[in-house]
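Residue-level listing of the chains:
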Amino acid sequence: MRLGSPGLLFLLFSSLRADTQEKEVRAMVGSDVELSCACPEGSRFDLNDVYVYWQTSESKTVVTYHIPQNSSLENVDSRYRNRALMSPAGMLRGDFSLRLFNVTPQDEQKFHCLVLSQSLGFQEVLSVEVTLHVAANFSVPVVSAPHSPSQDELTFTCTSINGYPRPNVYWINKTDNSLLDQALQNDTVFLNMRGLYDVVSVLRIARTPSVNIGCCIENVLLQQNLTVGSQTGNDIGERDKITENPVSTGEKNAATWSILAVLCLLVVVAVAIGWVCRDRCLQHSYAGAWAVSPETELTVPGAT
């Protein structure tokens, strides 16, 4: 029997459920990944005898396939066209692994590899199901400076973007590294245009003289925790004092200007006194010179 039609082949594959190997692999968004589907080392296959088919397990989306003497890939889903390839040289050795390029968050699913031999009456040679886990690093969290919507409350905002999968968000009391009650925070997590997660977490706590907290974004798949501390402590107290007593600040500024004005006046008076004293000294020296001159002239010899 010869199955030259991909449609008939796909129908046959969808009805075959035998012992299947299960594997898992992880890939970063934007990277390339290999989904392994290989026979024991030393195997040899004739490409005119084997039928190889890759599809997603749940939606049965066609990823790629190999049919003897049929190079058309018109049944491949557009999302995987030119992104999913098998190596002809590898298939000769029994390696039917799938090379998936430019991984996206939408690729996170199960992929099924099925290999049949025509010479064995389309007996199953190999069946492998590979679960692909996709991950992306979240950006370093940005914690906004605390502000006070009321005299009894402080509010902090933590933002992180472009991560995958969906994160966990924690607020930490950095004094003793204890977790704050999650009832105090309000998290907004959503998918952006790239299919990655952005998160905004708002924490509201009772106002205290000194606060030392941190925001933690956890990526469970990558076993990664990104923690950034808040800018709190004595600085908050100083800012609060300034905003709560603006009149005293104005008075301090007025006093400063008054002192500067007095100093300028003293400098002007000192300069004026200096000029007056200088003029008087010059006049006194000039009169003395004329008083001595006649006596000097009388002592000159031969003046008679």
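The following paragraphs examine the structure supplied in this document. If you're wondering where the values come from, they're calculated on a predicted model, not measured in any experiment.

About the criteria used
- Residues numbered from 1 in each chain as written.
- Predicted model: local features only at pLDDT ≥ 70, side-chain atom pairs only at ≥ 80, totals over all residues.
- Heavy atoms only, no water.
- Disulfide = S-S within 2.5 Å.
- Helix = DSSP H or I, 4+ residues; strand = E, 2+ residues; numbered from the N terminus.
- Buried < 20%, exposed > 50% of the residue type's maximum accessible area, 1.4 Å probe, protein only.
- Salt bridge = Lys/Arg side-chain N within 4 Å of Asp/Glu carboxyl O.

## Let's talk about the state of the cysteines
Summed over the entire model, instances satisfying the criterion amount to two disulfides. One disulfide in the model links Cys 37 with Cys 113; its S-S distance is 2.0 Å. In this structure the cystine formed by Cys 37 and Cys 113 twists about its S-S bond by roughly -70°; its chirality is therefore left-handed. A residue pair is termed long-range when its members are at least 10 positions apart, and Cys 37 in the loop between strand E2 (33-35) and strand E3 (50-56) and Cys 113 in strand E7 (residues 110-117) qualify at 76 residues. As far as burial versus exposure is concerned, Cys 37 and Cys 113 are alike and both buried. For Cys 158, the disulfide goes to Cys 215, at an S-S distance of 2.0 Å. Judged by the sign of its S-S torsion, about -80°, the bond between Cys 158 and Cys 215 is left-handed. On the criterion of sequence distance, the pair formed by Cys 158 in strand E11 (residues 153-163) and Cys 215 in strand E16 (residues 213-219) is long-range, its members being 57 residues apart. Exposure remark for Cys 215: the relative accessible area of 0% places this residue in the buried category. Numbered by order of appearance in the sequence, the disulfide-linked cysteines of the protein pair as 1-2, 3-4. No disulfide involves Cys 39; its sulfur sits 7.2 Å from the nearest other cysteine sulfur, which is in Cys 37.

## What about the pattern of salt bridges?
Counted according to the given criterion, the structure contains two salt bridges. In this structure, the salt-bridge partner of Asp 77 is Arg 79, at a minimum N-O distance of 2.9 Å. We note a salt bridge from Asp 107 to Arg 83, for which the minimum N-O separation is 2.5 Å. Of this pair, Asp 107 sits in the loop between strand E6 (98-100) and E7 while Arg 83 is found in the loop between strand E4 (62-66) and strand E5 (84-85), placing the two residues 24 residues apart along the sequence. Both residues of the pair, Asp 107 and Arg 83, belong to the buried class.

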